[in-house]
Structure formats: structure tokens, C-alpha cells
Amino acid sequence: THKRKARHFMTGAELKAQARAQLGGGIFKNEWLTALAVCFIAMAICSAAGGLLPGVGALILSGPMTYGVAYVFLKQSRDGQPMNVADVFRGFPEDFGGTLLLGLLSSLFTFLWGLLLVVPGIVKAYSYSQAFFVKVDRPEYDWRACMDESIQLMDGHKMDLFILDLSFLGWYIVGALCIGVGTLWVYPYHMAARTKFYEELTRYQMR
């Protein structure tokens, strides 16, 4: 009998190549600039909310806005159609309470684990890292189901994502040298790569 050869988990270089293709292949392509607008709007709104309600505002809006960003990137990755910037606000009409709780509780649990030691906090952050993508795919899930599925997906793959994130360090350093503005161009690339990572996780689980 012949054993079926297991397909390897995609490398960071492969995921980044797919992410660049998703964004049009260049930092001034329309796809990249639209993704930049999506990320900038989400960050600006959370920052403004934090300024209006220090310590609370950003926490209230980060869940719905993170959901919106995840939705936009995942949809574009799958259908190849141009991003709709307005979709970044989908978390508000679709499930404001659910996305709010998911953002608050994932941050709270990560913080509490971090109080023990830095490493457990980082490990938990990676365990919960796919929760918003799960929410996009499973809108009926509550915050606990999203976090539980993220933990299951990330079992054995936390180091893969850590290495992928680490590979962007050089990009962020170069971006910071460009009067700091360059880091804004890096984030859509990083987010697209993380989106491809989630898609690879879900495919890998089905093998």
C-alpha cells in the first residue's frame, strides 16, 4: 500500500509571495493603496476613540474594527475582487456586541497571562490570533467558540506565525526610517500575509 504524502505547511516566503500578489505586487498598486486605506481608517478610528475616552474608547471599538479589517482582507483574498473600504465597518451592524466581547476578552486573557510572565502572554496572544478570522467564517460563533477554534487551529503552528511575524521586522525598521510613515505601507502587507496564514491553517486542518 502507498501512503499519501502529507503536504507541507507553507513557508513564510511562500505566504509573503501570495500576500504581495494579493496586493497587486507593488506598494503603489491600487490594491495595496486600498488595503492601506482600510488599515489606516481602522487605526485612526481606534486612536481617536482612545483620545476621546482614554483607556476605554479604543477597547470598545477595537473588536468591531479588527473584525472589519479581517473581513476585508479575507474576502479579497478569496474572491480576488477589489476591496470595499466600507466593509471595514461591518462589525458594527453585523454583530457589534459579539465583536466587542471578542476584542475585549481576548485582550483581557492575554493581559492576565502576561501578568504571570511575558512568555505565557505571548503564547496566548498567538493562540488567540485567528479568532477574528474565525468570526468572519463563523458569524454565528460567540466569543468563546471563536477563541476555542483559534486555539485548536494554532496548536502546533504558533512558532510558524511567530517566524512569519519576525520576518517583517526588517520591513518595519526600514519603514520607520522613512520618517515613520513607511510603517503604514508595511502593515497591509503584514496583514495580507497573516490572512494567507489563516487560509493555510484551515486547509492544513482538512488534510
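Residues numbered from 1 in each chain as written. Predicted model: local features only at pLDDT ≥ 70, side-chain atom pairs only at ≥ 80, totals over all residues. Heavy atoms only, no water.

Draft legend 1. Examining helix α7 (residues 143–154) more closely. In this model, α7 (12 residues) spans 17 Å end to end at C-alpha, consistent with the 16 Å of a helix rising 1.5 Å per residue. Within α7 the residues assigned to the buried category are C146, M147, S150, L153 and M154. Down the axis of α7, the sector holding all buried residues measures 125 degrees, keeping them to one side. The positive-phi residue at the C-terminal boundary of α7 is G156, with phi of around 85 degrees. (Helix = DSSP H or I, 4+ residues; strand = E, 2+ residues; numbered from the N terminus. Expected span 1.5 Å × (residues − 1). Buried < 20%, exposed > 50% of the residue type's maximum accessible area, 1.4 Å probe, protein only. Arc of directions from axis to C-beta.)

Draft legend 2. Examining the packing of helix α2 (residues 30–52) against helix α10 (residues 182–205) more closely. Two elements in contact, α2 and α10, have axes separated by 9 Å at closest approach and are oriented at 105 degrees. In this view, α2 runs roughly perpendicular relative to α10, as classed from their interaxial angle. Across the interface between the two elements, W32, L33, A35, L36, C39, F40 and M43 of α2 pack against L184, W185, Y187, P188 and Y189 of α10. By residue class, the composition of the contact of α2 with α10 is 12 nonpolar, no polar and no charged. (Axes fitted to C-alpha atoms, helices over the stretch in contact; angles between N-to-C directions. Parallel < 35°, antiparallel > 145°, perpendicular 65-115°, else oblique. Contact = heavy atoms within 4.5 Å. Nonpolar A, V, L, I, M, F, W, Y, C, P; charged D, E, K, R; others polar.)

Draft legend 3. The packing of aromatic side chains, seen in detail. If you walk through the whole model with that rule in mind, you get 10 aromatic pairs. Ring centres 6.0 Å apart and planes at 75 degrees place the aromatic pair Y126 and F162 in the edge-to-face group. In this pair, Y126 is assigned in helix α5 (residues 118–127) and F162 in helix α8 (residues 158–166), connecting sequence segments 36 residues apart. Accessibility expressed as a relative area gives 35% for F162, which makes it partly exposed. Positioned over the ring face of F168 is K16, at 4.7 Å from the centre of the ring. (Phe/Tyr/Trp six-rings, centres within 6.5 Å; stacked < 30°, edge-to-face > 60°. Lys NZ or Arg CZ within 6 Å of the ring centre and 35° of its normal.)

Draft legend 4. Summary view of the nonpolar core. Counting residues in each nonpolar core, the largest one holds 46 residues, and the members touching the most others are V38, V69, F73, L164 and F197. Going through the elements one at a time, α1 (12–22), α2, α3 (57–79), α6 (131–137), α7, α8 and α10 are the ones with two or more residues in this core. Leave out the neighbours within four places in its chain, and F197 touches F9, L15, Q130, M154, H157, D160, L161 and L164. (Core = buried A, V, L, I, M, F, W, Y, C linked by side-chain atoms within 4.5 Å.)

Draft legend 5. Structural detail: α5. Listed as buried for α5 are G121, Y126 and S127. On the buried face of α5, the contacting elements are α4 (91–116), α7, α8 and α10.

Draft legend 6. Structural view of the side chain of E199. Following the sequence through the fold, E199 ends up in helix α10. Every residue in contact with E199, bar those within four places of it in the chain, is listed here: L74, S77 and R78.

Draft legend 7. Molecular detail of the state of the cysteines. Counted according to the given criterion, the structure contains zero disulfides. Sulfur of C39: no disulfide; nearest cysteine sulfur belongs to C46 and is 12 Å away. Its relative accessible area of 2% is what places C39 among the buried residues. (Disulfide = S-S within 2.5 Å.)

Draft legend 8. Quick peek at the confidence of the model for the chain. When pLDDT is averaged across the chain, the result is 91; 95% of the residues are at 70 or more. For the chain, per-element mean pLDDT is lowest for helix α9 (residues 169–177), which scores 86, and highest for α6, which scores 98. (pLDDT = per-residue confidence, 0-100.)

Draft legend 9. Representation of the pattern of salt bridges. Per the counting criterion, the structure on display carries 10 salt bridges. Two residues, R144 and D148, come together in a salt bridge whose shortest N-O distance is 3.7 Å. With R144 and D148 both in helix α7 and four residues apart, this pair spans about one turn of that helix. Taking relative accessible area as the criterion, R144 reaches 36% and is therefore assigned partly exposed. The closest approach of N and O atoms between K196 and E199, which form a salt bridge, is 4.0 Å. With a gap of three residues between them, K196 and E199 both fall in helix α10, about one helical turn apart. One exposure class covers both K196 and E199, and it is buried. Ionic contacts of the salt-bridge type, sharing partners, join the residues R78, D137, K196 and E199 into one network. (Salt bridge = Lys/Arg side-chain N within 4 Å of Asp/Glu carboxyl O.)

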